[in-house]
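Read off the chains here:
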Amino acid sequence: MKKYICIDVGGTSIKYGLLNEDLNFVTTDEMNTEAQKGGQNILNKIIEIVNKYNSFYDDIDGVCISTAGMVDCEKGEIIYASPIIPNYTGMKIKETIENKFNIKCEVENDVNCAALAEHFAGGAKGSKISVCLTIGTGIGGAIIINNEVYHGAFGSGGEVGYMNMMGSTFQELGASSVLVKKVAELKNVSHETINGKYIFEKAKEGDLDCINAIDEMIEVLGQGIANICYIINPEVVVLGGGIMGQKEYLYDKIRDSIDRNLIPFIAKKTKLEFAVNQNKAGMLGAYFNFINMQKRKVKDVVSY
């Protein structure tokens, strides 16, 4: 049975595991990213992980990588990364891994990978067009059309967090980090002393500050999602990120906001789902990206 090394590079931790072609993880683990040490340190950690599995198994069929930052998928290198990971921009991950281990490697952005995981094995399974949003420190977005990520002309397709709204941007109004800061200001406490879990617990107890702040976030999400639906017209919108673990509290409220901000014909046909793959989404999506990229290369050779 074919086996694939799957690696998900995040700002805080690197999750990794060995996946078989039945989509079962043989083993999983994680390590600290230590992002502050820079891009070369992260590349060294990726090499360490690949070497670990490659030394133990002699039938590795691919290295599948999901990572923070903007990625040139053809070259498998980082074309832009925020200062949170210094000197990550320009890292030639695919080239390095393939040259060192003689194993095929593919690299994709982490939000795109999460969207692929939901599209093939989650809330958007069976759809032709889906949108996945991750609600966290910011708002990440990815568009899947006919089983492939839509990257746009220059690789920034799906960057919906920067969408202009109400004199600001989608993520500056609707991210979960904004919710935490808003409640902290209302309670006159440091935003570092509370989190989303605290806010939802208080809201369920009837705390009006928390209820109103959540409702404001929901209205922003509803408007933003509606705007995206008018442009993309997806069959399914999938919401992910830690805060979406509050599905019982949020689902009906977000659904209502979307419906109020869309014309009935579109609202009726647009499904809303919450992400199901959780912490394994990046690794699983990296695998689906690997398979997509390999199929595309075979088609290119045949066409040529």
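Above this text you will find the structure in question.
Below is a short write-up of the structure.

Definitions and cut-offs
- Residues numbered from 1 in each chain as written.
- Predicted model: local features only at pLDDT ≥ 70, side-chain atom pairs only at ≥ 80, totals over all residues.
- Heavy atoms only, no water.
- Helix = DSSP H or I, 4+ residues; strand = E, 2+ residues; numbered from the N terminus.
- Rg over C-alpha atoms; globule rule 2.2 N^0.38 Å.
- Buried < 20%, exposed > 50% of the residue type's maximum accessible area, 1.4 Å probe, protein only.
- Contact = heavy atoms within 4.5 Å.
- Areas by Shrake-Rupley, 256 points an atom, 1.4 Å probe, with all protein chains shown as cover.
- Patch = residues over 30% accessible without salt bridge, like charges linked within 9 Å, V, L, I, M, F, W, Y side chains within 5 Å.
- Salt bridge = Lys/Arg side-chain N within 4 Å of Asp/Glu carboxyl O.
- 1 Å grid on protein atoms, 1.4 Å probe; cavity = no way out; pocket = protein on both sides within 12 Å on 5 of 7 lines; lining within 4 Å.
- Points joined across faces, edges and corners; volume = space filled by probe spheres on them.
- Nonpolar A, V, L, I, M, F, W, Y, C, P; charged D, E, K, R; others polar.
- Phe/Tyr/Trp six-rings, centres within 6.5 Å; stacked < 30°, edge-to-face > 60°.
- Lys NZ or Arg CZ within 6 Å of the ring centre and 35° of its normal.
- Pairing = 2+ DSSP bridges.
- Core = buried A, V, L, I, M, F, W, Y, C linked by side-chain atoms within 4.5 Å.
- Axes fitted to C-alpha atoms, helices over the stretch in contact; angles between N-to-C directions.

The next subject is the overall build of the protein chain. Secondary structure assignment for the protein chain yields 10 helices and 14 strands. Here the C-alpha atoms of the protein chain give a radius of gyration of 20 Å, agreeing with the 19 Å that 2.2 N^0.38 yields for 304 residues. Considering only C-alpha atoms, the protein chain reaches an extent of 60 × 45 × 35 Å along its principal axes. Out of the 304 residues belonging to the protein chain, those deemed buried represent 50%. Taking contacts inside the protein chain between residues at least 6 apart in sequence as the whole, the part at least 24 apart equals 63%. Accessible surface, the protein chain as shown: approximately 15000 Å² in total, 49% of it carbon and sulfur.

All right, on to the side chain of lysine 94 then. In this structure, lysine 94 sits in helix H2 (residues 93–101). Among residues more than four places away in sequence, those in contact with lysine 94 are Glu74, Lys75, Gly76, Cys105, Glu106, Val107 and Lys297.

Residues Tyr230, Ile231, Ile263 and Phe265 make up a contiguous nonpolar surface patch of roughly 460 Å² in combined accessible area. Summarising the element assignment, phenylalanine 265 is placed in helix H9 (residues 264–269). Phenylalanine 265 gets classed as exposed once you look at its relative accessible area, which sits at 58%.

Moving on to empty space enclosed by the protein. Under the defined criterion, the tally for this structure stands at one cavity of 30 Å³ or more. For the largest cavity, the calculated volume is near 50 Å³. In this structure, the largest cavity is lined by Cys73, Glu108, Leu116, Glu148, Val149, His151, Asn289, Asn292, Met293 and Arg296. Breaking the lining of the largest cavity down by element, the ones donating at least two residues are strand E10 (148–149) and helix H10 (281–303). Taken together, the residues of the lining of the largest cavity break down into four nonpolar, three polar and three charged.

The subject of this paragraph is the packing of aromatic side chains. Evaluation of the coordinates by the stated rule reveals eight aromatic pairs. Considering the side-chain rings of tyrosine 4 and tyrosine 287, the 5.1 Å spacing of their centres and the 65 degrees angle between planes classify their relative orientation as edge-to-face. With tyrosine 4 in strand E1 (residues 3–9) and tyrosine 287 in helix H10, this residue pair connects regions lying 283 residues apart in the sequence. Residue classification places tyrosine 4 among the buried positions, given a relative accessible area of 5%. Ring pairing ties together the aromatic residues Tyr4, Phe120, Tyr287, Phe288 and Phe290, which thus form one cluster. Cation over ring: lysine 52 sits above tyrosine 53, and NZ or CZ is 5.7 Å from the ring centre.

With that settled, consider the pairing of strand E7 (residues 105–109). With five of five residues buried, E7 lies mostly within the body of the structure. Across five bridges, the pairing between strand E4 (residues 60–67) and E7 is parallel. The residue of E7 that forms the bridge with cysteine 64 is glutamate 106.

Turning our attention to the environment of alanine 267. Locating alanine 267 in the fold gives a position in helix H9. Setting aside chain neighbours within four positions, we find alanine 267 in contact with Arg255, Asp259 and Leu262.

With 42 residues, the main nonpolar core has Leu250 and Ile254 as its most contacted residues. For this core, the leading source of residues is helix H7 (residues 208–232), giving 12 residues. Counting 34 residues, the second-largest nonpolar core is a separate cluster that includes Leu18, Ile49, Ile60 and Met91.

With that settled, the discussion passes to the sheet that holds strand E14 (residues 271–274). Strand order across the open sheet formed by five strands is E10-E9-E8-E13-E14, with mixed pairing between neighbours. Lying at the two open borders of the sheet, with one neighbouring strand each, are E10 and E14. Contacting strand E8 (129–135), strand E9 (139–145), E10 and strand E13 (236–240), helix H3 (residues 110–121) runs over the sheet at an angle of about 50 degrees to E9.

So, about the sheet that holds strand E2 (residues 13–20). The strand order across the open sheet built from five strands is E3-E2-E1-E4-E7, with neighbouring strands paired in mixed fashion. Among the strands making up the open sheet, the edge pair consists of strand E3 (25–32) and E7. Adjacent strand axes in the sheet meet at a mean angle of 15 degrees when their direction is disregarded. In this structure, E1 lies alongside E4, joined through seven bridges in parallel fashion.

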